[in-house]
Amino acid sequence: MPGSLRIGKIFGIDIYIHISWVVIIVLLTWSLAVGWFPVLYHGFSAITYWILGFIAAILLFVSVLLHELAHSVVARARGLPVKNITLFIFGGVSNIEKEPGSPGIEFQVAVVGPLTSLLIGALALALLYLLGQNTSALAAILW
């Protein structure tokens, strides 16, 4: 995708970040730091809210990357070549270079991404549950 910067390679798949990703990281960090966290979690300093906002925004994109990696890893396991993954303002996209040979393979490639996202969400909620009625910075990020 034009306007993208290669940041590395995972499982042999090139990972890119589009310039629009920077825009959404800034906006999401700001929104969380001045709106979400101060309303729900009182008593932290302003810099703490900004750090929490940035960490939460980065973790959101890590979850998007894991979602796309799941699609890509299953696609490669089913013989479909994957050129790269690009994270951008609306999420991410796996560049799978060939159409699946059957509806079953297409279903497997399609469903594993949302299942990965559900697993990440369930893990975050389980960790939040283990924290109990905690109002720590970790609880704020998990929520």
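Each remark here, short or long, concerns the structure printed above.
Residues numbered from 1 in each chain as written. Predicted model: local features only at pLDDT ≥ 70, side-chain atom pairs only at ≥ 80, totals over all residues. Heavy atoms only, no water.

## Observations concerning the sheet that holds strand β4 (residues 91-96)
- The mixed open sheet is built from 4 strands, whose spatial order is β1-β2-β3-β4. Of all the strands in the sheet, just β1 (4-10) and β4 have a single pairing partner and so form its edges. When strand polarity is set aside, the average angle formed by the axes of neighbouring strands in this sheet is 25 degrees.
- In terms of strand pairing, β1 meets strand β2 (residues 13-18) through 6 bridges, oriented antiparallel. Of the residues in β2, the one forming a bridge with R6 is Y16.
- Where helix α2 (residues 46-77) meets the sheet, its contacts fall on β1, β2, β3 (82-88) and β4, and the angle it forms with β3 comes to roughly 165 degrees. (Pairing = 2+ DSSP bridges. Helix = DSSP H or I, 4+ residues; strand = E, 2+ residues; numbered from the N terminus. Axes fitted to C-alpha atoms, helices over the stretch in contact; angles between N-to-C directions. Contact = heavy atoms within 4.5 Å.)

## Side note on the packing of aromatic side chains
- Under the defined criterion, the tally for this structure stands at 4 aromatic pairs.
- Centroid distance W21 to F61: 5.4 Å. Interplanar angle 75 degrees. Geometry classified as edge-to-face. On the criterion of sequence distance, the pair formed by W21 in helix α1 (residues 19-40) and F61 in helix α2 is long-range, its members being 40 residues apart.
- Residue W21 is classed as buried on the basis of its relative accessible area of 14%.
- Note on F37 and Y41: the rings are 6.5 Å apart at their centroids and 55 degrees apart in plane angle, and the pair reads as tilted. (Phe/Tyr/Trp six-rings, centres within 6.5 Å; stacked < 30°, edge-to-face > 60°. Buried < 20%, exposed > 50% of the residue type's maximum accessible area, 1.4 Å probe, protein only.)

## Focus on the layout of surface pockets
- When its volume is computed, the largest pocket comes out at roughly 520 Å³.
- Along its surface, the largest pocket is lined by 21 residues, and L59, I120, A124, I141 and L142 are the ones closest to its centre.
- Counting residues per element, the ones that place at least two in the lining of the largest pocket are α1, α2, α3 (103-131) and α4 (137-142).
- With 7 residues, α3 is the single largest residue contributor to the lining of the largest pocket.
- Grouping the constituent residues of the lining of the largest pocket by class yields 18 nonpolar, 3 polar and no charged. (1 Å grid on protein atoms, 1.4 Å probe; cavity = no way out; pocket = protein on both sides within 12 Å on 5 of 7 lines; lining within 4 Å. Points joined across faces, edges and corners; volume = space filled by probe spheres on them. Nonpolar A, V, L, I, M, F, W, Y, C, P; charged D, E, K, R; others polar.)

## Details of the nonpolar core
- The biggest cluster of nonpolar side chains holds 19 residues, and the ones touching the most others in it are I13, W21, L65, I85 and L87.
- Elements supplying a minimum of two residues to this core: β2, α1, α2, β3 and α3.
- At 8 residues, α2 tops the list of elements feeding residues into this core.
- Setting aside its immediate chain neighbours within four residues, L65 contacts I10, I15, I85 and L87.
- The next biggest cluster of nonpolar side chains, apart from the first, holds 8 residues, and it includes L32, F37, Y41 and A56. (Core = buried A, V, L, I, M, F, W, Y, C linked by side-chain atoms within 4.5 Å.)

That's the geometry; what it means functionally is another story.
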